[in-house]
Amino acid sequence: MTIGWDEQTREFHLRNERLSYIFRVLAGGSLEHLYLGPALAAGPSYGHLGRREFGGFANRLDDPIALELPTAGRGDFRMAALVVEGTDGSTVLDLRYVSHRIERGKPAIPGLPATYVEMDDEADTLEILLRDEPSGTEVRLLTTIFRDMPALARSVVVRNAGAGPLRIRTVMSASLDLPDDDWTLVHLSGAWARERHIVRQPLGPGRQSFSSGRGASGHEHDPSLILVRPTTTEASGEAVGFSLVYSGDFLAEAEVHLYGTTRVRLGIDPETFTWTLDPGAEFASPEAIVVYSDTGLGGMSDAFHRLYRSRLARGSWRDRDRPVLINNWEGTYFDFDEDRLVAIATVAREVGVELFVLDDGWFGARDDDTSSLGDWWVDRRKLPAGLDGLAHRIEGLGLLFGLWIEPEMISPRSRLFAEHPDWAVGVPGRERTESRQQLVLDLGRPEIVDHLFEALSQVLSSAPISYVKWDMNRNITEPYGSTLPADRQGEFFHRYILGVYELYRRLTAAFPEILFESCAGGGGRFDPGLLAFAPQAWTSDDTDAVERLSIQWGTSLLYPLSSMGAHVSAVPNHQTGRITPLATRAATAFFGVFGYELDATRWTAEERAAVADQIAFYRAQREVLQRGRFVRLVGPEDGDGNLVAWMAVAADRRRAVVGIYRILNRPNPGPRRIRLRGLDPAATYRVSTWPAGDDDAVSRANQGLRGGDVLRRVGLVLDADRHEVSAEGDFWARVFVLDATG
Ligand code: DGJ
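Everything numeric in this text was worked out from a predicted model, so none of it was measured. Sequence order as written defines the numbering, with residues in each chain counted from 1. In keeping with the predicted nature of the model, local features appear solely for residues at pLDDT of at least 70, side-chain atom pairs appear and are counted solely at 80 or more, and the whole-chain, interface and lining totals rest on all residues. Calculation of side-chain values draws on the structure's entire complement of heavy atoms; hydrogens and water are dropped beforehand.

**A closer look at the overall build of the protein**
Stage number 1. Put simply, DSSP H or I for four residues or longer makes a helix, DSSP E for two residues or longer makes a strand, and each gets a number counted from the N terminus. If you tally the helices and strands in the protein, you get 14 helices and 38 strands.
Stage number 2. Against the globule reference of 27 Å for 742 residues, the protein gives a C-alpha radius of gyration of 27 Å, in line with a compact fold.
Stage number 3. The contact definition used throughout considers only heavy atoms, calling two residues in contact when any of these lie within 4.5 Å. Across the protein, the fraction of contacts at a sequence separation of at least 24, relative to all contacts at a separation of at least 6, is 70%.
Stage number 4. Using the Shrake-Rupley algorithm and a 1.4 Å probe, accessible areas are obtained, with residue cover drawn only from the displayed protein chains. As displayed, the protein has an accessible area near 26,400 Å², and 49% of this comes from carbon and sulfur atoms.
Stage number 5. Under this rule, positive means Lys or Arg and negative means Asp or Glu; His and the chain ends count for nothing. All charge positions are set by atom: Lys at NZ, Arg at CZ, Asp at CG, Glu at CD. A gap of 3 Å separates the mean positions of the 81 positive and 104 negative side-chain charges of the protein. Both definitions apply: the radius of gyration is a C-alpha atom measure, and the globule rule equals 2.2 Å times residues to the power 0.38.

So, in structure tokens, the structure goes:
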């Protein structure tokens, strides 16, 4: 890995074995992008990839020049990456190169989550200083290249080096101009209970964008954007992924220009953002991660997974086995007492569960969702011996104890609201819009963050708590910072998220042994920003196995299995009413951080035995399922969408676990082969199936010894017996374990 600088050609070449990123300083001082793609030789000039005659936009408006940091008002009529309003009200900006430095390693971004390195030789960082003299705007443009991944991190620091105030109107974390528009846009989109489904659309002229103005990344769009060639597959072709390490309002946009070039922008949504910079003050953008893959979407996902699992997630739980949990939410909702919880935990312990999580309803006087958020003390009506008493009983069973909290919220019916009505977000003189009967605390105010840190620290030290589920169940309306002056109201949303990060930072630092799981009505804030604090997230409130196939498939484009909470719940499913076999629910949830979300006391003896077997299986394969390489094989987007197959492969390729799911049964099916990827072609694997003892045509056709090359070129065989198939029913699943022999 190197960052080269050539004095003569004024070119920067960031390079590792997998990619090159090249740009240069033009005579006028702006930065022209030259190349992003597979690694090119270090040394030669790549200036011929640029616009030869370029001398600034004055002579040719709309020049399709590729820029590293496009600004407004000088003839580039595409959308700008940085718009700063000067003291004269003008937004024209002409940023010129001043100097640069190359550092080993990767600096942190104050106040914001970011990827990191553990050793300085894992990455190099280029910092370029640019200045616009008339306005006094100074910019530090930071680009990190990672040694072992086809990944770059980009961020921007804007400083006011002038004498009067500046106002940032737009600050993108990354902007990249690509030389053509022959791309298909791949994006993760959805809604509550059906988050992060993959959508694809060919790029067309103009702007196509996804954003959030909710105060959170949201259920609707992931803060990312992926471009693939029309011919790209999971295993081959180009894919460029852009992902924002941020949890608030974002914009992800591709803009096709009149000459057929494509500009991608990713950053805080300018629609709900402005930031005033007093003289001498700085503003740091969140970071954007750019991954380039010429080995298909799978190669892109692999890089994101490795980066996000090992150099974004952090803390004592990052690399540890995540416990198999049981959560009481769908089992009891608000209707529980200590004995009922202990009864569930007792059964759960017997079948091998490792962590019991007490969800919503343990505090204040919360019997439904109309009250008590903010009143973070135990409800002794339900738990007479307090959290401590309950936690000790749970621990006595041999389980860890975990707890749900929703720190950012306040119920109008709460003691906290009676004491501090002004702490809830709202515009004075206007009615506040409630959602789920709750309002949002203004975490942009440091005293509120202080209060929450104190209140929650007390809770977390009051009992042996090993896990916290941090929920957030509504988006922000009437955004207004009651302590911000009128001309700084555009800072509200970003300040809110900075407050969330600060509270997370303080709590995770004060309780380093607690495993945090983030949640927002399921996956309403499942984003890289929170992964930096909570290494796992509740993927969706939808626990239906069929819906989960689409959700987990889509989520895996960017996020590793170790980040995806995945639970078996009761049937009929509470979100879809669907009845799926217990084994299928488990086979789906295995590909994530596994757990249960139901009342275990309702299991029959047969179900208990099946669950004990599921947990034993997951624990035996946990290393591969939580930390292996995830490979998507056949997905909801393929063919008629009836078949899904995926696999996880150990780093040394000695073991793999494959899940195959058939949604609807069809009579008299033909044979089908599922080719595997990521195995050692020279190895011989012993193939076994789960559930063990299944003696059906599929198991019989696959069990035994198979060469890695055969599994790659021919695959597993779905050769069903027509008589057996008639008895199988819908929602069939089978898991295969492949162990290298010798
Ligand atoms: C929404 C979460 O996603 C659920 O899992 C549960 O914790 C409820 N909130 C509790 O109110």
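**Concerning helix α6 (residues 446-461)**
Stage number 1. Expected helix span is given by 1.5 Å per residue-to-residue step, counting one fewer step than there are residues. Given a rise of 1.5 Å per residue, 16 residues ought to cover 22 Å, and the 22 Å separating the end C-alpha atoms of α6 matches this to within 8%.
Stage number 2. Those residues of α6 lying buried are I448, V449, L452, F453, A455, L456, S457, V459 and L460.
Stage number 3. For α6, the elements touching its buried residues are α4 (386-397), β23 (400-405), β26 (467-470) and α7 (492-510). The buried label applies to any residue whose accessible area, calculated with a 1.4 Å probe on protein chains only, is under 20% of its type's maximum; exposed applies above 50%, and partly exposed to all values in between.

**Focus: the sheet that holds strand β2 (residues 11-15)**
Stage number 1. Overall, antiparallel pairing links the four strands, which are arranged β1-β2-β3-β4 in an open sheet. Each of the sheet's edge strands pairs with one partner strand only, and the pair in question is β1 (2-6) and β4 (31-37). This sheet shows a mean twist of 15 degrees between the axes of neighbouring strands, independent of strand direction.
Stage number 2. The rule for pairing is simple: two strands pair if DSSP sees at least two bridges between them. Sheet analysis places β2 next to strand β3 (residues 20-25), joined by five bridges and oriented antiparallel. In this analysis an axis means a line fitted to C-alpha atoms, helices contributing only their contacting stretch, and an angle means the value between N-to-C directions, from 0 to 180 degrees.

**Examining the nonpolar core**
Soluble globular proteins tend to bury their nonpolar side chains together.
Stage number 1. Counting residues in each nonpolar core, the largest one holds 199 residues, and the members touching the most others are L358, W362 and Y596.
Stage number 2. At nine residues, α7 tops the list of elements feeding residues into this core.
Stage number 3. In this view, L358 contacts N328, F336, L341, L383, L387, L390, F401, G402, L403 and W404; residues no more than four positions away in its chain are not counted.
Stage number 4. Residues belong to a common nonpolar core when they are buried Ala, Val, Leu, Ile, Met, Phe, Trp, Tyr or Cys residues joined through side-chain atoms within 4.5 Å. Formed by 24 residues, the second largest nonpolar core is a distinct cluster that contains M647, V658, V687 and V698.

**Observations regarding the layout of surface pockets**
Stage number 1. Site definitions follow a grid-based scheme: protein atoms alone, a 1 Å grid, a 1.4 Å probe that fits but cannot get out for cavities, and for pockets an open set with protein on both sides within 12 Å along at least five of seven lines, plus lining residues having an atom within 4 Å of a point. Grid points are joined across faces, edges and corners, and a volume is the space filled by probe spheres set on the points. The calculated volume of the largest pocket comes to roughly 660 Å³.
Stage number 2. Forming the boundary of the largest pocket are 38 residues, of which G111, Y501, E502, R505 and F533 lie nearest the centre.
Stage number 3. Of all the secondary-structure elements, those providing two or more residues to the lining of the largest pocket are α6, α7 and β27 (515-518).
Stage number 4. Here the element with the most residues in the lining of the largest pocket is α7; it accounts for nine residues.
Stage number 5. Residues are grouped as follows: Ala, Val, Leu, Ile, Met, Phe, Trp, Tyr, Cys and Pro are nonpolar; Asp, Glu, Lys and Arg are charged; every other residue, Gly included, is polar. When the residues that make up the lining of the largest pocket are grouped by side-chain class, the tally is 24 nonpolar, seven polar and seven charged.
Stage number 6. The calculated volume of the second largest pocket comes to roughly 440 Å³.
Stage number 7. W192, N473, G521, G522 and D541 are the residues nearest the centre of the second largest pocket, which is lined by 29 residues in total.
Stage number 8. Elements with a minimum of two residues in the lining of the second largest pocket: β11 (184-191) and α2 (329-332).
Stage number 9. The residue inventory of the lining of the second largest pocket, partitioned by class, reads nine nonpolar, nine polar and 11 charged.

**Focus: unusual backbone geometry**
Stage number 1. Here the residue pair V571 and P572 is connected by a cis peptide bond, since its omega of -5 degrees sits within 30 degrees of zero.
Stage number 2. Relative to the helices and strands, P572 is located in the loop between β29 (564-569) and α10 (582-589).
Stage number 3. A cis geometry characterises the amide bond from W690 onward to P691, with omega recorded as 0 degrees.
Stage number 4. Considering the arrangement of structural elements, one finds P691 in the loop between β35 (684-690) and α12 (697-702).
Stage number 5. In this model, R196 sits at a positive phi of 50 degrees, which is unusual for a non-glycine residue.
Stage number 6. Residue position: R196 is located in strand β12 (residues 194-202).
Stage number 7. One non-glycine residue, Q437, lies in positive phi territory at about 60 degrees.
Stage number 8. Inspection of the secondary structure assignment puts Q437 in the loop between α5 (415-419) and β25 (439-440).

**Overview of the site of the ligand**
Stage number 1. By convention in this text, a residue qualifies as near a molecule or strand provided that one of its non-hydrogen atoms is within 4 Å of it. Taken together, 13 residues lie around the ligand, and D359, D360, K469, D471 and D541 are the ones closest in.
Stage number 2. In protein, a polar contact requires one atom able to donate a hydrogen and another able to accept it; more generally it is a pair of N or O atoms within 3.5 Å, and residues adjacent in sequence count only if both atoms are side-chain atoms. Between the ligand and the protein, one listed contact pairs an oxygen atom with a side-chain N or O atom of R436 at 2.9 Å.
Stage number 3. At 2.7 Å, a side-chain N or O of D471 approaches a nitrogen atom of the ligand.
Stage number 4. Protein contact buries 98% of the 290 Å² of open area that the ligand shows by itself.

**Brief notes about the packing of helix α9 (residues 545-555) against α10**
Stage number 1. The geometry of α9 relative to α10 is characterised by a closest axis approach of 9 Å and an angle of 15 degrees between their N-to-C directions. It follows from the interaxial angle that α9 and α10 lie roughly parallel. In this structure, the crossing between α9 and α10 has a hand that is left-handed. The segment α9 lies against α10, with A545, R548, L549 and Q552 engaging T584, R585 and T588.
Stage number 2. Looking at side-chain class alone, the contact of α9 with α10 contains two nonpolar, three polar and two charged residues. Put simply, angles under 35 degrees are roughly parallel, angles over 145 are roughly antiparallel, angles from 65 to 115 are roughly perpendicular, and the rest are oblique. In this scheme the handedness of a crossing depends on how the near helix is turned from the far one: anticlockwise by less than a right angle means left-handed, clockwise means right-handed.

**Some thoughts on the pattern of salt bridges**
Stage number 1. Salt bridges are counted wherever a side-chain nitrogen of Lys or Arg sits within 4 Å of a carboxyl oxygen of Asp or Glu. The full count for this structure, using the stated rule, is 66 salt bridges.
Stage number 2. For E354, the salt bridge identified is with R619, shortest N-O distance 3.3 Å. Taken as a pair, E354 in the loop between α3 (338-351) and β22 (355-358) and R619 in helix α11 (residues 605-627) lie far apart in primary sequence, 265 residues in all.
Stage number 3. Exposure remark for R619: the relative accessible area of 40% places this residue in the partly exposed category.

**Regarding the side chain of R445**
Stage number 1. Its place among the elements puts R445 in the loop between β25 and α6.
Stage number 2. We classify R445 as buried; its relative accessible area is 6%.

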